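Observations on the three-dimensional arrangement
Listed below are the residues making up each chain.
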Amino acid sequence: MRCVIARFPFELVKSEVQQSMKGIKPEPITGESVVIGRRVFPVKQVGEVITRQDRRDFTSFEVTRALTRLGFTCNPVAPEPVAAPAPVLSPLESASAMLGTPVQN
């Protein structure tokens, strides 16, 4: 399949992408990811290997689009976990908590 990544044309074949990623250890996932075989790789790492370009030269969107068209499963960025809001304490409850004594009602 013909695609353009970082203004350069590439002829990508699914089996060649799989072969290129054999023996390469996946980096920690910090953004978009792609499943190749039984391993999950960052999209930028795969793009760097298959294009032989610096990962600053292309976007993850360009590589994700090409890999999706080849039939790979791409995953979006995992959302940051949201911390539960801290309970709002009354002034009496705050003072009691600081003193380590239970609130008397």
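Higher on the page you've got the structure.
Residues numbered from 1 in each chain as written. Predicted model: local features only at pLDDT ≥ 70, side-chain atom pairs only at ≥ 80, totals over all residues. Heavy atoms only, no water.

1. Describing the pairing of strand E1 (residues 2–5)
Only one face of E1 is covered, namely the one carrying Cys3 and Ile5; the face carrying Arg2 and Val4 has none of its residues buried. Here E1 runs beside strand E2 (residues 8–11); their pairing, made up of four bridges, is antiparallel. By the bridge assignment, Arg2 is partnered in E2 with Glu11. Counted between consecutive antiparallel strands, the loop separating E1 from E2 contains two residues, among which Ala6 sits at a positive phi close to 55°. (Buried < 20%, exposed > 50% of the residue type's maximum accessible area, 1.4 Å probe, protein only. Helix = DSSP H or I, 4+ residues; strand = E, 2+ residues; numbered from the N terminus. Pairing = 2+ DSSP bridges.)

2. Examining the packing of aromatic side chains
For the structure on display, the rule yields zero aromatic pairs. The side chain of Lys14 reaches across the aromatic face of Phe72, ending 5.1 Å from its centre. Above the face of the Phe58 ring, Lys44 is positioned so that its terminal group lies 5.0 Å from the ring centre. (Phe/Tyr/Trp six-rings, centres within 6.5 Å; stacked < 30°, edge-to-face > 60°. Lys NZ or Arg CZ within 6 Å of the ring centre and 35° of its normal.)

3. Overview of the packing of helix H2 (residues 43–51) against helix H3 (residues 60–70)
Packing of H2 against H3 brings their axes to within 9 Å, and their N-to-C directions diverge by 80°. It follows that H2 is roughly perpendicular to H3 by the angle criterion. Contacts between H2 and H3 involve Val43, Lys44, Val46, Gly47 and Ile50 from the former and Ser60, Val63, Thr64 and Leu67 from the latter. Within the contact of H2 with H3, the residues separate by chemical class into five nonpolar, three polar and one charged. (Axes fitted to C-alpha atoms, helices over the stretch in contact; angles between N-to-C directions. Parallel < 35°, antiparallel > 145°, perpendicular 65-115°, else oblique. Contact = heavy atoms within 4.5 Å. Nonpolar A, V, L, I, M, F, W, Y, C, P; charged D, E, K, R; others polar.)

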